[in-house]
Amino acid sequence: MHQRLDSQVQQISHMETTIAVSGQIDAQVRGEIQGLKDTVEKNQESVSPTIAEWQRMKTLGLGIAGLIAMAGLTIGGIVAYMSETAVSGIRRWLKIP
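1. Regarding the overall build of the protein
Secondary structure assignment for the protein yields 1 helix and 0 strands. For 97 residues, the compact-globule formula gives about 13 Å, and the C-alpha radius of gyration of the protein, at 40 Å, lies well above that figure. With the C-alpha coordinates of the protein rotated into their principal frame, the extents come out at 130 × 30 × 10 Å. Put simply, the protein has 97 residues, and 0% of those count as buried. Approximately 9000 Å² of the protein is accessible, and the part contributed by carbon and sulfur atoms is 66%.

2. Some thoughts on a nonpolar patch on the surface
A cluster of nonpolar side chains, contributed by Val21, Ile25, Val29 and Ile33, occupies part of the molecular surface with about 330 Å² of accessible area. Relative to the elements of secondary structure, Ile25 occurs in helix α1 (residues 2-94).

3. Points about the pattern of salt bridges
Throughout the structure, instances matching the rule amount to 1 salt bridge. Here Glu53 ties to Arg56 by a salt bridge, and the two come within 2.8 Å at their closest N and O atoms. Placement of both Glu53 and Arg56 in helix α1 is noted, with a separation of 3 residues, approximately one turn of the helix.

4. Re the environment of Pro49
Structurally, Pro49 can be placed in helix α1. Here Pro49 falls in the exposed class, since its relative accessible area comes to 53%. Sequence separation of Pro49 and Asp38 is 11 residues, and the distance between their C-alpha atoms is 18 Å.

Cut-offs and rules
- Residues numbered from 1 in each chain as written.
- Predicted model: local features only at pLDDT ≥ 70, side-chain atom pairs only at ≥ 80, totals over all residues.
- Heavy atoms only, no water.
- Helix = DSSP H or I, 4+ residues; strand = E, 2+ residues; numbered from the N terminus.
- Rg over C-alpha atoms; globule rule 2.2 N^0.38 Å.
- Buried < 20%, exposed > 50% of the residue type's maximum accessible area, 1.4 Å probe, protein only.
- Areas by Shrake-Rupley, 256 points an atom, 1.4 Å probe, with all protein chains shown as cover.
- Patch = residues over 30% accessible without salt bridge, like charges linked within 9 Å, V, L, I, M, F, W, Y side chains within 5 Å.
- Salt bridge = Lys/Arg side-chain N within 4 Å of Asp/Glu carboxyl O.

So, in structure tokens, the structure goes:
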């Protein structure tokens, strides 16, 4: 019976050690996660102005591209209209029916 009690004492001691180590590991993992979270937040704060600037540049670029497209369509329309007018004017000048 004495041997059985010794065995149970050893098992309890081993379980206590396992629980203590598990608690330390959990604490270490929580610490690492908190450190990573802090790093990500810090990096996000430092990169946020740059991202905002790139988004502004992208919007500006799209606006400029839209203006160029509208100008191209307008000039194309004007050229098409003027070419019709020019053809009729040249025909009238050359007296071609």
